[in-house]
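An overview of the molecular structure
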Amino acid sequence: MFNLNDGFAFQVHGGGEHGGGVSEGLNDLLAFLSSLPGHSGPEVFNLLLPGIAAMANIHPLAVHFPIALLTLFFLVELAACVFRQAQWHTFASGLLYLGTLCAAGAVYLGFQAAESVAHDEAAHLIMEKHEAFGVAILSLAIFLSVWRYFFNVHKNSGVQVLYLLFAAALNLLIVLGADLGGLMVYHHGVSVNAILNSPALSMPEPLSEPAHDHAHGHNHEHGHDHSGHDH
């Protein structure tokens, strides 16, 4: 059965795996779209978004939103202070509030995920630290949101600098928490169907030294030997 990702493969592989290239890929895509009414809702979802459908939980998907929004909040807020652009502060406020809401959702989904995925003791210890960072990030984001909403954080340079320091600390926590999340996935394989032991994924052979280099080195050595005999 045609998969939506296969229909776009020609963009990556230049049509090498599809024979007809763009033309055949477009025909397959149109055929796929015309076949959708014949599938149930869950089947259509699995065909359109196979990556999400394969997830044991959507926490890995949800965490991208607070990471992006809260990081962008800090950068915009910093730029607004440096360039003295008052309207940028308004934009930064929206990013902070939306990022805080997304962080709350990500933390909730994270606690659900911790109860639903298989993991060993080593991964569990990392998971607990990851959870602690998630709660700390959410708490600090709420603190910054409340402070910003009810008080003027730009009334003087001292308060403004202090607020930026807290915002920078928030982003540091995000980096540390995300690092632990990556460690769980990429090192311990939490919630991943590992295929690293598949024969199809064997490591490439190391590049051998070109033959002419050996010949050159061999001749070079003989040249030294001959010169030694001449003397």
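Here the structure is a predicted model, which is why all the values come from computation and not from measurement.

Moving on to the overall build of the chain. Summing up its helical and strand segments, the chain has 11 helices and 0 strands in all. The burial tally for the chain puts 30% of its 231 residues in the buried class. Counted over contacts in the chain with a minimum sequence separation of 6, partners at least 24 positions apart contribute 67%. Here the chain has roughly 15,300 Å² of accessible surface; of this, 66% comes from carbon and sulfur atoms.

Quick look at unusual backbone geometry now. Located in the positive-phi region is R84, a residue other than glycine, with phi close to 55 degrees. Locating R84 in the fold gives a position in the loop between α7 (64-83) and α8 (86-114). For R84, a relative accessible area of 75% puts it in the exposed group. Of note in this structure, S191 is not a glycine but carries a positive phi near 65 degrees. With respect to the helices and strands, the residue S191 is situated in the loop between α10 (157-186) and α11 (211-230).

What follows is about the environment of L78. For L78, the location among the structural elements is in helix α7. Residue L78 is classed as partly exposed on the basis of its relative accessible area, which comes to 33%. When the C-alpha atoms of L78 and A92 are compared, they prove to be 9.3 Å apart, with 14 residues separating the residues in sequence.

Our next topic: the environment of I58. Assignment of secondary structure puts I58 in the loop between α5 (50-53) and α6 (59-62). Each C-alpha atom, one on I58 and one on A113, is 8.1 Å from the other, the two residues being 55 residues apart in sequence.

Taken as a class, soluble globular proteins show a tendency for nonpolar side chains to be buried jointly. Core analysis: the biggest nonpolar cluster contains 21 residues, and L70, F73, L96, L144, W147, Y163 and L170 have the highest contact counts within it. Where this core is concerned, the elements lending two or more residues are α7, α8, α9 (121-150) and α10.

What follows concerns the packing of aromatic side chains. Summed over all chains, the structure comprises 7 aromatic pairs. Ring geometry for F83 and W88: centres 6.2 Å apart, planes at 70 degrees, overall edge-to-face. You can call W88 partly exposed: its relative accessible area is 34%. Each ring, one from Y149 and one from F150, has its centre 5.0 Å from the other, and the planes form 80 degrees; the classification is edge-to-face. For the pair Y149 and F150, a shared accessibility class is recorded, and that class is exposed. Members of the aromatic cluster, joined through ring pairs, are F143, W147, Y163 and F166.

Here we take up the pattern of salt bridges. Two side chains with opposite charge may pair up if their charged atoms get near one another. Inspection of every chain in the model, using the stated rule, returns 1 salt bridge. Between R148 and E77 there is a salt bridge, with the nearest N and O atoms lying 2.6 Å from each other. In this pair, R148 is assigned in helix α9 and E77 in helix α7, connecting sequence segments 71 residues apart. The pair formed by R148 and E77 is uniform in burial state, with each residue classed as buried.

Cut-offs applied
Residues numbered from 1 in each chain as written. Predicted model: local features only at pLDDT ≥ 70, side-chain atom pairs only at ≥ 80, totals over all residues. Heavy atoms only, no water. Helix = DSSP H or I, 4+ residues; strand = E, 2+ residues; numbered from the N terminus. Buried < 20%, exposed > 50% of the residue type's maximum accessible area, 1.4 Å probe, protein only. Contact = heavy atoms within 4.5 Å. Areas by Shrake-Rupley, 256 points an atom, 1.4 Å probe, with all protein chains shown as cover. Core = buried A, V, L, I, M, F, W, Y, C linked by side-chain atoms within 4.5 Å. Phe/Tyr/Trp six-rings, centres within 6.5 Å; stacked < 30°, edge-to-face > 60°. Salt bridge = Lys/Arg side-chain N within 4 Å of Asp/Glu carboxyl O.

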